[in-house]
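Analysis of the macromolecular model
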Amino acid sequence: MRFEWFIAIRYLREGKAQTALVLGGTTVGVAVLIFLTALISGLQRSLVGQTLSAQAHVLVKAPERVARPLPGPDRPADHVEKVPDRIRSIEQWQRVLAVLPAIPGVVAATPTAAGAAFATRGPATKAVTLRGIEPESFSRVIDIVPRMRSGRFALEGAEAIIGSVLASDLGVVVGDKVRLATPEGRGDVFTIAGIFDLGNKEVNARWVFVPLRSAQTLLDVPGGVTTIEVKVAEIFDAERVAREISRRHGLAADSWMELNQQLLIGLRSQSASSWMIQGLVVLAVALGIASVLGVSVIQKSREIGILKATGTSTGMVQRIFLLEGALVGAAGSVLGAGVGSAMAIAFAGLARAPTGEPLFPVDLTPGLYLGAAAVAIVTGTLAAWFPASRAARLEPAEVIRYG
Amino acid sequence: MAEAGGDVLRLEGITRDFGAGEARTRVLRGVDLSLRRGEFAALMGPSGSGKSTLLHIMGLLDRPTGGRILLDGQDTGVLDDDGLTRYRGSTLGFVFQFHHLLPEFTALENVMIPMAAGKGRVEAPMRDAARALLDRVGLSARADARATTLSGGQAQRVAIARSLAMGPKIVLADEPTGNLDTQTADEVFALLREVNRDEQVTFLLVTHDRRLAERTDRIIELVDGRIVSDHTNPPR
């Protein structure tokens, strides 16, 4: 065993009350770190997950047309007004769709043709959003298949997939027929192939999926699509991907982050306050370790002098106390990981939905434990720096004589 | 290497000042002193005469303000702090008045510490070497006792064993019997003497006890930072 380890471990073992004190402080600190991080990242993951359950990470649309002045002396008018919103197709969308996967971060893309429509069954009529899709590529962008209540997520011919709320509003089940018509009067009858529940009441009440070709006909955009929906590998990378798409293809591309600014601000300030609390906790732990080790160095002054008189070098003395700090950090992170995990699991257990399911998961990942351990060990070592340097500087002759 | 009977330690014009400016005081005022290999000498003097300071300087625990220290032929002025620590570890042993054993460790571990510090590691053979040294001072039975549970005489014996751990050329003892009763003091003194004879280790004892001093080979007296007398005792 290395000499420094031998001495440091013995000092920690024998300094019972002091060791218990710093170990207790470090354990609590690490526990708070683990608990807060697990809770907040679990909570945020669940919030973002809910938001993105029915939303693509990036929405690509045809560029907005804006009012612009007309140049030239012989002009028929001052400026061109913005064209009243009409469903517009993305130009050359097949080509765009083909090259999108080449953009780094893009995982999948699917074309949709969307517009307003009415769903009618008998006397009941509901305003809906008609979404013409290719089910196979769509399910790669939005994970809808596991959230089918009944039927299947596939469309053949005149079939439609509707949300659970709309299904109960209209009183339909899989196999029933429903008439879908646009405000312009184009309409057709579709058979319900499946009913989904995306965990969002608005979506469940309004979305109606039909085959892309049917939607193109109903919305009068033959061969066109209104949006391309994109899934990215890393959700917080969506903004960059959106800008990249916009830059390369001259299209309007909005990330989920832009479309959910409020949520994002909320998440960011939550993270910031959590970081601040954790920073203060780490600081408190560091001060605790530094002061207890500082006292221990003063108490041990004479012993340190003896160690130096009997061949222990200045560097060794310094390493002994740095090691004490690091060991406290390491032991504290093991104990704190246990306490913090127990707290997180217990807390998540308290917050349950009426169905008995936990409202949100706690994110207890190996990375979190490693990170907390690294923070604790580095904090312990840094906190020990001042006491250790003080110990190393002690002059043996003086401390032996005067203590 | 010093020849048998040659100088193992030589001090040349050692001065030591403490404090600065007005408060500056000169504790050692030019000390010249040689110790021969195998010598058993006593350093005496009234309180405040500079005995402990001189001992610390000889022991490389403190640096002189002026002068030169030749230890086993090596000019120690050229060594840096780590060099001094290493040289101190391998050449010098210390016995202090209040034994100064490390309370967290057993008697055996206290004896091992200089060996482990010297090598930077704790190794199994060190245990055997330490046990042999404890045997040498008659304490093998208490090898695994906590330092804090030893009596004064026992602790001082452990301290003597520790001072011998690295096979030193010189052992410097600062009032090694100062806080022991007369009988225990005599036993500890006898042990020092025995080690000196058997192992040819040079001893320098700082003591107030003239009775003990007269049983050494030589008495050096220090007053106000100067050597005022240095004479050889008649062989006993």
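A closer look at the overall build of chain B
A count of helical and extended segments in chain B gives 7 helices and 10 strands. A compact globule built from 236 residues should have a C-alpha radius of gyration of about 18 Å, and chain B, at 17 Å, falls within 12% of that. Projected onto the principal axes, the alpha-carbon positions of chain B cover approximately 50 × 40 × 40 Å. Going through the 236 residues of chain B one by one, you find that 47% of them count as buried. For chain B, long-range pairs separated by at least 24 residues make up 69% of all intrachain contacts whose partners lie at least 6 apart in sequence.

Digging into the overall build of chain A
When helices and strands are tallied, chain A shows 14 helices and 12 strands. Relative to a compact globule of 403 residues, whose C-alpha radius of gyration would be 22 Å, chain A shows 32 Å and is clearly more extended. Its C-alpha atoms put chain A at 105 × 65 × 35 Å along the principal axes. Taken over 403 residues, chain A has a buried fraction of 40%. Intrachain contacts of chain A at a sequence separation of at least 6 include 79% that bridge at least 24 residues.

A short note on the nonpolar core
Residues I34 and I289 of chain A together with V111 of chain B are the most contacted members of the largest nonpolar core, which totals 125 residues. Not counting the four nearest positions on each side in its chain, V111 of chain B is found in contact with A130, L133, L134, V158, A161, R162 and A165 of chain B. Counting residues in each nonpolar core, the second largest holds 56 residues, with I90, L166, V221 and V230 of chain A among its members.

Some remarks on the pairing of strand β9 (residues 187-196) of chain A
Residues and elements named next belong to chain A. With 3 bridges joining them, strand β6 (residues 148-151) and β9 adopt antiparallel strand pairing. Across the sheet, M148 pairs through a bridge with F196, a residue of β9. As defined by bridge partners, strand β7 (residues 159-163) adjoins β9 across 5 bridges and the pair is classed as parallel. When the bridges of β9 are listed, A160 appears paired with I192. Strand direction decides the pairing type here: strand β8 (residues 177-181) and β9, joined by 5 bridges, are antiparallel. Note that in β9 the partner of V178 across the bridge is F190. Where β8 hands over to β9, the hairpin turn is made up of 5 residues, of which G185 adopts a positive phi near 105 degrees.

Overview of the interface of chain A and chain B
The partner chain B presents 25 residues to the 22 residues of chain A that form the contact. Of all the elements in the fold, those that place two or more residues in the side of chain A that touches chain B are α1 (3-14), α11 (301-309), α12 (314-350) and α14 (396-402) of chain A. Here the residues of the side of chain A that touches chain B sort into 10 nonpolar, 5 polar and 7 charged.

Brief notes about the sheet that holds strand β5 (residues 74-75) of chain B
All names here are of chain B. Strand order in the open sheet formed by 4 strands is β2-β1-β4-β5, with antiparallel pairing between adjacent strands. Looking at the sheet topology across the chains shown, the edges are occupied by β2 (25-36) and β5. Across 5 bridges, strand β1 (residues 7-18) lies against strand β4 (residues 66-71) in antiparallel orientation. Its bridge partner being in β4, R10 is matched across the sheet by L70. Lying on the sheet, helix α1 (residues 51-58) is in contact with β1, β2 and β4; it crosses β1 at an angle near 125 degrees.

Some details on the domain arrangement of chain A
Interface size, as often reported, equals the accessible area lost upon joining of the parts. Along its sequence, chain A is organised into domain 1 (3-50 + 264-402) and domain 2 (61-256). One C-alpha centre belongs to domain 1 of chain A, the other to domain 2 of chain A; they are set 52 Å apart.

Quick word on the pairing of β7 of chain A
Residue and element names in this part refer to chain A. When you tally the buried positions in β7, you get 4 out of 5 residues, the bulk of the element. In the sheet, β7 pairs with strand β10 (residues 207-211) via 2 bridges, with the strands oriented antiparallel. Looking at β10, one finds that I162 is bridged to V208.

Here's the deal with the sheet that holds strand β9 (residues 218-223) of chain B
Residues and elements named next belong to chain B. Spatial ordering of the open sheet is given by β6-β7-β8-β3-β9-β10, a layout of 6 strands whose pairing is mixed. In this open sheet, the two strands that pair with only one neighbour each are β6 (92-95) and β10 (226-232). Across the sheet, the mean angle from the axis of one strand to that of its neighbour is 20 degrees, orientation sign disregarded.

Here we look at unusual backbone geometry
Residue and element names in this part refer to chain B. One non-glycine residue, E175, adopts positive backbone phi at about 45 degrees. In this fold, E175 is placed in the loop between β7 (170-174) and α6 (182-199). Of note in this structure, D224 is not a glycine but carries a positive phi near 50 degrees. By secondary structure assignment, the location of D224 is in the loop between β9 and β10. D224 gets classed as partly exposed once you count the C-beta atoms within 10 Å, which come to 14.

A look at the packing of helix α2 (residues 16-51) of chain A against helix α10 (residues 261-299) of chain A
All names here are of chain A. Between α2 and α10, the least distance of the axes is 9 Å, while the angle of their chain directions is 170 degrees. As summarised for this structure, α2 and α10 are arranged roughly antiparallel, according to the angle between their axes. Grouping the constituent residues of the contact of α2 with α10 by class yields 16 nonpolar, 12 polar and no charged.

Side note on the packing of α12 of chain A against helix α13 (residues 366-393) of chain A
Residues and elements named next belong to chain A. Where α12 meets α13, the axes come as close as 7 Å, and the angle between the chain directions of the two elements is 150 degrees. Here α12 is positioned roughly antiparallel relative to α13, judged by the angle of their axes. With respect to the hand of their crossing, α12 and α13 are arranged in right-handed fashion. Along the lines of polarity and charge, the residues of the contact of α12 with α13 split into 19 nonpolar, 11 polar and 1 charged.

Re α11 of chain A
Burial analysis of α11 of chain A places 7 of its 9 residues in the buried class, the great majority of the element. When α11 of chain A is considered as a whole, its buried residues turn out to be E303, I304, G305, I306, L307, K308 and A309 of chain A.

Rules of the game
In every chain, residue numbers begin from 1 and rise along the written sequence. Each chain gets a letter, beginning with A, and each ligand a number, beginning with 1, in the order they are written. Whole-chain, interface and lining totals are the exception, using all residues; otherwise, since this is a predicted model, local features are given only for residues with pLDDT of at least 70 and side-chain atom pairs are given and counted only at 80 or more. In DSSP terms, a helix is any run of H or I states spanning at least four residues, a strand is any run of E spanning at least two, and both are numbered starting from the N terminus. Note that the radius of gyration is over C-alpha atoms, with the globule rule given as 2.2 Å times the number of residues to the power 0.38. Here exposure depends only on C-beta density: within 10 Å of a residue's C-beta, 20 or more other C-beta atoms make it buried, 12 or fewer make it exposed, and intermediate numbers make it partly exposed, the C-beta atoms being placed from the backbone. Any pair of residues counts as being in contact when their C-beta atoms, constructed from backbone geometry, are within 7 Å of one another. Think of a nonpolar core as buried Ala, Val, Leu, Ile, Met, Phe, Trp, Tyr and Cys residues, each tied to the set through C-beta atoms within 7 Å. DSSP calls a pair of strands paired once it identifies at least 2 bridges connecting them. Classification used: nonpolar for Ala, Val, Leu, Ile, Met, Phe, Trp, Tyr, Cys and Pro, charged for Asp, Glu, Lys and Arg, polar for all others including Gly. Working convention: axes come from line fits to C-alpha atoms, limited for helices to the stretch in contact. Angles between N-to-C directions cover 0 to 180 degrees. Note that the domain bounds were set by an automatic or database domain assignment. Under this scheme an angle from 65 to 115 degrees is roughly perpendicular, one under 35 degrees roughly parallel, and one over 145 degrees roughly antiparallel; angles in between are oblique. Take the far helix as the reference: if the near one is turned anticlockwise from it by less than a right angle, the crossing is left-handed, and if turned clockwise, right-handed.

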